[in-house]
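Reading the structure
Here is what each chain is made of, one letter per residue.
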Amino acid sequence: MTAFILLNPLFLIWTGFVAAVSDIVLQVGGITPFTTIDFPGRLAAVIFCQGCPWRCQYCHNRHLLPAGENGKYPWEEVLRWLETRRGLLEGVVFSGGEPLLQRQLPEAVEQLHRDGFEVALHTSGVYPERLRKILPSVEWVGLDIKAPFDEYDVITGGGNGERVRDSLGFVLAFGKAHELRCTLDPDFFNVERAEKMARQLVEMGANHLVLQSCRDEVHRRKRPVSKEIIASFERFLPSVTCRL
């Protein structure tokens with residue numbers, strides 16, 4: 001997931017655009033106004049939804065973890081701003097936090113489609129049934145695979161990896177355009193865990209994985225990952241991309 005840039009709320013007023021009143025409630029904690037990497041093949045904006053049920057050790061958007069009662073931007077203001085991007089942006093990415101925590105995300109997706117935007121979803125897979133229901137409505141999915149399914153509690157602070165296994169199964173069965181990616185925490189991953197996770201993915205029918213680095217909390221520098229760990233993924237998966 002990309003880093004976010006907060007928009008000045010006054011900018012949303014200065015545009016002077018008037019959008020239809022929306023009854024959709026979405027907790028939006030931040031916006032990246034332009035990205036070329038978060039929605040492959042599209043110029044897009046990223047909407048960061050507030051709230052996540054997991055507490056991953058390496059999370060770089062910790063301020064988005066608490067759900068709270070209100071996001072930083074009302075959804076109506078986000079829509080007004082997106083109106084000014086018509087003809088410039090092709091898509092909108094919902095990221096987080098965990099966007100599937102938002103009960104009205106399906107309605108927001110449909111609203112964006114009516115406005116002429118394609119939609120991508122970044123998710124941890126924590127809500128497999130919600131993911132299954134929204135899959136037909138999005139053009140692309142980025143699914144985080146954080147650890148071997150049976151060791152998710154170590155990374156997420158108690159999360160159930162079987163939920164992610166189910167989510168992955170839905171994505172693969174649906175044939176939705178997607179990317180599987182894993183943030184490599186060097187305090188967690190070793191050769192054995194890398195091999196186990198790679199085997200689990202292959203057994204489910206996955207054939208590609210993107211490896212990403214995590215950053216230390218103090219200096220925000222990328223933490224190095226051993227070549228042996230990377231080689232362990234490459235030994236079992238047909239295709240591995242490194243963004244380290």
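Residues numbered from 1 in each chain as written. Predicted model: local features only at pLDDT ≥ 70, side-chain atom pairs only at ≥ 80, totals over all residues. Heavy atoms only, no water.

All right, on to the packing of aromatic side chains then. Under the definition given, this model contains five aromatic pairs. Measuring from centroid to centroid gives 5.0 Å for F188 and F189, while their planes differ by 90 degrees, and the two rings are edge-to-face. For F189, a relative accessible area of 4% gives the class buried. Put simply, the rings of F188, F189 and F233 pair up and form one aromatic cluster. (Phe/Tyr/Trp six-rings, centres within 6.5 Å; stacked < 30°, edge-to-face > 60°. Buried < 20%, exposed > 50% of the residue type's maximum accessible area, 1.4 Å probe, protein only.)

Along the chain, the position of C49 falls in strand β2 (residues 44-49). Sequence separation of C49 and G97 is 48 residues, and the distance between their C-alpha atoms is 5.6 Å. (Helix = DSSP H or I, 4+ residues; strand = E, 2+ residues; numbered from the N terminus.)

Looking now at the pattern of salt bridges. Scanning the model with the defined rule gives 14 salt bridges in all. Residues E83 and R86 are paired through a salt bridge, measuring 3.2 Å at the closest nitrogen-oxygen approach. For R223, the salt bridge identified is with D185, shortest N-O distance 3.6 Å. Placement of the pair is R223 in the loop between β7 (208-213) and α8 (227-236) and D185 in the loop between β6 (178-184) and α7 (191-204), with a sequence separation of 38 residues. Owing to a relative accessible area of 3%, D185 belongs among the buried residues under this scheme. Among the ionic contacts, a cluster of salt bridges with common partners joins D144, E179, R181 and R243. (Salt bridge = Lys/Arg side-chain N within 4 Å of Asp/Glu carboxyl O.)

Right, let's talk about helix α3 (residues 105-114) for a bit. By the burial criterion, the buried members of α3 are L105, A108, V109, Q111 and L112. Buried residues of α3, viewed axially, fall in a sector of 160 degrees; they line one side. In this structure, the buried side of α3 is in contact with α2 (75-83), β3 (91-95), β4 (118-123) and α4 (128-134). Just downstream of α3, G116 is the residue with a positive phi angle, here 95 degrees. (Arc of directions from axis to C-beta. Contact = heavy atoms within 4.5 Å.)

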